[in-house]
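Given next are the chains, with one letter for each unit.
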Amino acid sequence: MSDSHSDSLVFFGATGDLAYKMIFPALQAMVKNGHLDTPVIGVANAGWSVEKLRERARDSVEKNGGLDQAAFEKLSGLMRYVDGDYKDPATFQTLRKELGSAQWPAHYLAIPPVLFGLVVEQLGKSGCAAGGRVVVEKPFGRDLESARNLNRILLATFPEPSIFRIDHYLGKLPVKNLVYFRFANSFIDPFWNRNSVESVQITMAENFGVQGRGAFYDQTGAIRDVVQNHLFQILANLAMEPPARNDSESVRNEKVKVLQAIPPVDAKNVCRGQFRGYRSEKGVGQDSKVETFAALRLEINSWRWQGVPFYLRAGKCLPVTSTEVLVRFRRPPEIFSSAGEAFSNYMRLRISPDVVDALGMMVLAPRRETMGELTELVASHHPSADEMDAYERLLADAMAGDPTEFAREDYVEEAWRIVDPILKAGTEIYEYEPGTWGPDEVDRRVLPAGGWHNPVVAPAAPEGVLQPAGG
Ligand code: BG6
């Protein structure tokens, strides 16, 4: 691998859905912010021309975030297109020609994982892989065995430092902030451990269903789609030790160590649910047993965390769309018997839709003298998480050769090891009504002491209504 900045960006699957929804807007933003001025070569097998690709790119940015005339024109000028079958070596010879004098191309595979092997092999044979990097999308395998196979395929052509496995949650600023917040503040560490923390909850709630992705989702389910990757990344950031140095491998070593300390999840610590109506979605089997909701409990058997349960929950068609962490602290000894209901202190770290770092604490309620009430000290609150889009940040990092925010081979395999037994166990699936917090059985099977914390999302203010400052 070379440490050099990539001098061209090739993206396979240029005519696909991911390109349309995420990649073109990210590319426009990269151009706008000075992160992209190399040729961008789209590859697909659709009988398109570069003009057609430009039209599609324009439509994509108009529908997903807005057109920036100057940046888009520049991007259009950088765009090239190679059309052809991935099975045909001629496609890759054309690509090699199109790459011209580029020595360090970044190849982004925005294609289904079943095609990774074929494309990577062709990149190798045609000489397009030489000096290059490969960027792959999740899902990275569907269990431990398939992830190992995929890793073998990639490693046959690219060395590990040249492989960038995308998990777009790692490109989100508030997810990065979990690590920053913990280690840039001296007051947090003394209570960030088993002595003070009672439990940790991570909830990723979405108030929509599978949005036309039924065929994909029915092969995947919530555990594979978001728990094994997005929620585990949040977990690793919350639980990792401070890295020895702030370089990519020191940071990634600490994340892997968190996963190494987690035993495989036991089927009795899982509750899977499916929203009513899922089986009538296009592409979904009529007797599908795929989960659209999962709640699970796991343990981290490390010096810092042993005995502290971590609860992870994700679901479609829940009441709100929000990803939030709740770190619940142990109760103090009871002195104030008349203080009303006692709450645990907590740290609430909201990743989306807005970004909040808050500390929950008890204070005496005004005018009620002996009664306590829960109040929140809000350390920071940004109205939205969308400073730099996750894809923009990650593609820019991959082109710059910085692997910090990408999943390393050993990390991905450890993550599958943890969920593999519950993927295979085929545990009961419970139906739930859309718009609820999952099936009732959750509270019987996987219930944190003190109950689940359900993120609250304020309805959007009607246009023209001013919001109070900081609110
Ligand atoms: C994707 C999943 O990886 O993440 C989707 O495949 C999910 O099912 C999406 O909706 C959520 O991402 P975000 O950034 O909107 O929270």
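The structure presented is a predicted model; accordingly, all values stated were derived computationally and were not measured. (Residues numbered from 1 in each chain as written. Predicted model: local features only at pLDDT ≥ 70, side-chain atom pairs only at ≥ 80, totals over all residues. Heavy atoms only, no water.)

Quick look at the environment of Met-240 now. Of note, Met-240 is situated in the loop between α9 (221-239) and α10 (248-260). For the pair Met-240 and Arg-304, spaced 64 residues apart in sequence, the C-alpha to C-alpha distance is 9.2 Å. Beyond its immediate sequence surroundings of up to four residues, Met-240 is in contact with Val-179, Arg-182, Phe-183, Val-251, Glu-254, Lys-255 and Val-258. (Helix = DSSP H or I, 4+ residues; strand = E, 2+ residues; numbered from the N terminus. Contact = heavy atoms within 4.5 Å.)

Moving on to the sheet that holds strand β13 (residues 355-364). Ordered by their spatial adjacency, 9 strands build an open sheet running β14-β13-β12-β11-β7-β10-β9-β8-β15, and the pairing between neighbours is mixed. If you trace the sheet from one side to the other, it starts and ends with β14 (372-382) and β15 (429-432), each paired once. The sheet shows a mean angle of 20° between the axes of neighbouring strands, taken without regard to direction. In this fold helix α7 (residues 173-183) packs onto β12 (346-352) and β13, with an angle of close to 150° to the strand it touches most, β12. (Pairing = 2+ DSSP bridges. Axes fitted to C-alpha atoms, helices over the stretch in contact; angles between N-to-C directions.)

Another point: the site of the ligand. Around the ligand, the neighbouring residues are Lys-138, His-168, Tyr-169, Lys-172, Met-204, Glu-206, Arg-213, Asp-225, His-230 and Lys-316. Between an oxygen atom of the ligand and a side-chain N or O atom of Arg-213, the distance comes to 2.8 Å. Between an oxygen atom of the ligand and a side-chain N or O atom of Lys-316, the distance comes to 2.7 Å. When isolated, the ligand has an accessible area of 400 Å², and the protein chains bury 75% of it. (Near = heavy atom within 4 Å. Polar contact = N/O pair within 3.5 Å; in protein donor to acceptor, adjacent residues only side chain to side chain. Areas by Shrake-Rupley, 256 points an atom, 1.4 Å probe, with all protein chains shown as cover.)

Moving on: helix α1 (residues 17-32). Here α1 is 16 residues long and its end C-alpha atoms lie 23 Å apart, about the 22 Å a rise of 1.5 Å per residue gives. The largest bend along α1 reaches roughly 40° and is located at Ile-23, with the proline Pro-25 sitting one to four residues downstream. At the C-terminal side of α1, Gly-34 shows a positive phi close to 75°. (Expected span 1.5 Å × (residues − 1). Bend = angle between axes of the 7 residues up to and from the residue.)

Here we take up the nonpolar core. Core analysis: the biggest nonpolar cluster contains 138 residues, and Phe-12, Leu-27, Leu-95 and Phe-232 have the highest contact counts within it. No other element matches the 11 residues that α9 contributes to this core. With residues near it in sequence (within four places) discarded, Phe-232 still touches Val-227, Leu-259, Leu-298, Leu-312, Tyr-411, Ala-415, Ile-418 and Val-419. (Core = buried A, V, L, I, M, F, W, Y, C linked by side-chain atoms within 4.5 Å. Buried < 20%, exposed > 50% of the residue type's maximum accessible area, 1.4 Å probe, protein only.)

Here we come to the packing of helix α4 (residues 89-99) against helix α5 (residues 116-126). It is at 9 Å that the axes of α4 and α5 come closest, and there the two elements cross at 55°. Judged on the interaxial angle alone, α5 and α4 are oblique. In the packing of α4 onto α5, the handedness of the crossing is right-handed. On α5, the residues that touch Pro-89, Phe-92, Leu-95 and Arg-96 of α4 are Val-119, Gln-122, Leu-123 and Ser-126. Here the residues of the contact of α4 with α5 are counted per class, giving 5 nonpolar, 2 polar and 1 charged. (Parallel < 35°, antiparallel > 145°, perpendicular 65-115°, else oblique. Left-handed = near helix turned anticlockwise from the far one by under 90°. Nonpolar A, V, L, I, M, F, W, Y, C, P; charged D, E, K, R; others polar.)

Residue placement: Gly-360 occurs in strand β13. A relative accessible area of 1% means that Gly-360 is categorised as buried. As a C-alpha pair, Gly-360 and Thr-321 span 39 residues in sequence and 22 Å in three-dimensional space. Not counting the four nearest positions on each side in its chain, Gly-360 is found in contact with Asn-345, Tyr-346, Leu-374, Thr-375 and Glu-376.

To continue, consider empty space enclosed by the protein. Enumeration over the complete set of coordinates arrives at 4 cavities of 30 Å³ or more. Roughly 130 Å³ of volume is contained in the largest cavity. What lines the largest cavity is a set of 14 residues, and nearest its centre among them are Phe-140, Asp-167, Asn-229, Ala-407 and Val-412. Breaking the lining of the largest cavity down by element, the ones donating at least two residues are α9 and α12 (409-425). Across the lining of the largest cavity, the residue classes break down as 7 nonpolar, 3 polar and 4 charged. Considered as a void within the structure, the second largest cavity measures approximately 60 Å³ in volume. In terms of lining, the second largest cavity is formed by Leu-170, Gln-233, Arg-252, Lys-255, Val-256, Thr-404, Phe-406, Ala-407, Arg-408 and Tyr-411. Per-element accounting of the lining of the second largest cavity gives the leading share, 3 residues, to α10. The residue makeup of the lining of the second largest cavity, split by class, is 5 nonpolar, 2 polar and 3 charged. (1 Å grid on protein atoms, 1.4 Å probe; cavity = no way out; pocket = protein on both sides within 12 Å on 5 of 7 lines; lining within 4 Å. Points joined across faces, edges and corners; volume = space filled by probe spheres on them.)

These figures capture arrangement, not role.
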